[in-house]
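Here is what each chain is made of, one letter per residue.
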Amino acid sequence: TLFTEPVVTPSGETYDLETIVKHGADPLTREPIEDCGKLPPNRAMRRQVDSFLEANLSEFVKELEAAAEGSGSQTAKGSGGQAFLDLLPMLTKIASLLGQR
């Protein structure tokens, strides 16, 4: 899973904001977090995710194309169109991430 909005919790660890909002607490200490929107962003992690996406997006697109065709990539092997459907949520998330940059 890729960070979409990496934030730093009071314990000093980085988690995705969506996870913190979902649980309402610091995953490490289990302390409640009242206002998740005030957690500081982890800009360094966000840059690393951006770099990863830029470096690996073309390979990911090849995997999607192979999955859609049902041909021999490791991700798609033996699963045809279902592999494409399995990857579709991730593709949507990546497209959203790239659109936010």
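Residues numbered from 1 in each chain as written. Predicted model: local features only at pLDDT ≥ 70, side-chain atom pairs only at ≥ 80, totals over all residues. Heavy atoms only, no water.

A. View of the overall build of the protein. Scanning the protein from N- to C-terminus turns up 3 helices and 2 strands. In the protein, the succession of α and β elements from N to C terminus is β-β-α-α-α. Looking at the protein residue by residue over its 101 residues, the buried ones come to 29%. Relative to all contacts within the protein whose residues are 6 or more apart in sequence, the contacts with residues 24 or more apart total 42%. Carbon and sulfur atoms make up 54% of the accessible area of the protein, which amounts to about 6,700 Å² in all. (Helix = DSSP H or I, 4+ residues; strand = E, 2+ residues; numbered from the N terminus. Buried < 20%, exposed > 50% of the residue type's maximum accessible area, 1.4 Å probe, protein only. Contact = heavy atoms within 4.5 Å. Areas by Shrake-Rupley, 256 points an atom, 1.4 Å probe, with all protein chains shown as cover.)

B. Seen up close, the pattern of salt bridges. In the structure shown here, the tally under the stated rule is 1 salt bridge. Among the ionic pairs, K38 bridges to D35, the shortest N-O distance being 4.0 Å. Note on K38: relative accessible area 67%, which makes it exposed. The exposure class assigned to D35 is partly exposed, which follows from its relative accessible area of 40%. (Salt bridge = Lys/Arg side-chain N within 4 Å of Asp/Glu carboxyl O.)

C. Seen up close, the environment of D26. As for its position among the elements, D26 is in the loop between α1 (17-23) and α2 (43-69). Owing to a relative accessible area of 2%, D26 belongs among the buried residues under this scheme. Distance from D26 to G12, taken between C-alpha atoms, is 9.8 Å for residues 14 residues apart in sequence. Sequence-distant contacts of D26, defined by excluding residues within four places in its chain, comprise T9, P10, S11, Y15, E31 and I33. Among the polar contacts made by the side chain of D26, one reaches the side chain of S11 at a distance of 2.8 Å. (Polar contact = N/O pair within 3.5 Å; in protein donor to acceptor, adjacent residues only side chain to side chain.)

D. Fine view of unusual backbone geometry. Backbone geometry at R30 places phi at a positive 65 degrees, although glycine is not the residue there. Accessibility expressed as a relative area gives 65% for R30, which makes it exposed.

E. The arrangement of the confidence of the model for the protein in detail. This prediction gives the protein a mean pLDDT of 80; 76% of its residues lie at or above 70. Across the protein, the element-wise mean pLDDT spans from 68 in helix α3 (residues 80-100) up to 96 in strand β1 (residues 6-8). (pLDDT = per-residue confidence, 0-100.)

F. Spatial organisation of the nonpolar core. With 7 residues, the main nonpolar core is built from V7, Y15, L17, I20, I33, C36 and L39. Non-local contacts of I33, meaning those with residues more than four positions away in its chain, are made with T9, P10, I20, G24, A25, D26 and L39. Listed in part, the 6 residues of the second largest apolar core include V49, L53, L64 and L87. (Core = buried A, V, L, I, M, F, W, Y, C linked by side-chain atoms within 4.5 Å.)

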